[in-house]
Amino acid sequence: MKSAKHIVAGVLACLPMASTAMDLKLPNGAQLVAEALENSSSYRLPTGGWTGEDVASVSAEGRVEKQAWKISSSRVTTLGLLDMMRDQLVENGYTRLYECETAACGGFDFRFSVDIFPEPIMHVDLGDFRYFAAQKETEDGPQYASLVVSKSASAGYVQIVQAGGDPSLGLPLTTATKGARPTETIAKGSLSESLENKGHFVLDDLVFATGSSALAEGDFATLAALADYLKANPERNVALVGHTDSEGSLTDNIALSKKRARSVATLLVNKYDVPEAQLSAEGMGFLAPRASNLTNEGRAQNRRVEVIMTSTNG
């Protein structure tokens, strides 16, 4: 009987990820939907599962590059995708540091302790995801790599992170077949344009725990961009509007969505020094979906906070 890896490889051709350092391959038709690059930074790479308080990790210093890929096929499996990518890393000199699957990783707690692109860029099914971390020794110090693999009913998702080594060297991650713009570009390049011309903007990189109004720890590019815009335009006022999926009652969801919007407003004031007078917070619950609530992917897209321009003077 063929393994899941061979099933994936047999059904789908491979797409080379061009690089002088390594030639990774993804299934044919894989689409790069987001990337983020910092030439000299640090990355907290998990090397263990959820302990009840945190996950074990190492701090990778140097160049950090993240990519999220979507494979539009209902036939891919998380095991097949992980096998394909993991084996290539090992063949290129990487040594496994840690590997786990869903519950063994720590489920929800592990997923929200790992730096992962937000939904819908990187979909993570909390009932079916896999993680792999590896290390490679180089002349310029350790190079780290991690994989997060998950899927929906119609697609597979892979996040690849490489960090460490010489920050002047490019990483073996291609930009071919790029789809959506990187998260950082979306935040900095189009927020002001969207607010000025369309009147609203979705803060897509915010992460809330299910049923919670508290934002996850971390920096959010969209909030930094919004803060820059508001401080540069003190005459502008905006409303932060929370939205939920359709699970639960309307009353509860309106309350939750408003609490999430207030959490964002509080962070903008306390961390980013935005004047409180420029902000208001409201909640719509599940009354304004942007996708179907019949699928996990759709519900994930509906859980969001939007910025709405409330100023009327140009």
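Structure's up top.
Residues numbered from 1 in each chain as written. Predicted model: local features only at pLDDT ≥ 70, side-chain atom pairs only at ≥ 80, totals over all residues. Heavy atoms only, no water.

Caption draft 1: A look at helix H7 (residues 250–270). For H7, with 21 residues, the first-to-last C-alpha span of 30 Å sits near the 30 Å given by 1.5 Å per residue. Within the span of H7, buried status applies to Asn-253, Leu-256, Ser-257, Arg-260, Ala-261, Val-264, Ala-265 and Leu-268. Here the buried face of H7 lies against helix H6 (221–232), strand E10 (238–243), strand E11 (279–283) and strand E12 (304–309). (Helix = DSSP H or I, 4+ residues; strand = E, 2+ residues; numbered from the N terminus. Expected span 1.5 Å × (residues − 1). Buried < 20%, exposed > 50% of the residue type's maximum accessible area, 1.4 Å probe, protein only. Contact = heavy atoms within 4.5 Å.)

Caption draft 2: Spotlight on the packing of H6 against H7. Following both chains from N to C, one finds H6 and H7 inclined at 60 degrees, their axes separated by 11 Å at the closest point. Taken together, the axis directions place H6 and H7 in an arrangement best described as oblique. Remark: the crossing between H6 and H7 carries right-handed chirality. Facing Leu-223, Leu-226 and Ala-227 of H6, the residues of H7 in contact are Val-264, Leu-267 and Leu-268. Looking at the contact of H6 with H7 residue by residue, the classes come out as six nonpolar, no polar and no charged. (Axes fitted to C-alpha atoms, helices over the stretch in contact; angles between N-to-C directions. Parallel < 35°, antiparallel > 145°, perpendicular 65-115°, else oblique. Left-handed = near helix turned anticlockwise from the far one by under 90°. Nonpolar A, V, L, I, M, F, W, Y, C, P; charged D, E, K, R; others polar.)

Caption draft 3: Structural view of the pattern of salt bridges. Taken as a whole and assessed by the stated rule, the structure comprises 13 salt bridges. Here Glu-196 ties to Arg-236 by a salt bridge, and the two come within 3.3 Å at their closest N and O atoms. Residue Glu-196 is located in helix H5 (residues 183–197), and its partner Arg-236 is located in the loop between H6 and E10; the two are separated by 40 residues in the primary sequence. Residue classification places Glu-196 among the partly exposed positions, given a relative accessible area of 39%. (Salt bridge = Lys/Arg side-chain N within 4 Å of Asp/Glu carboxyl O.)

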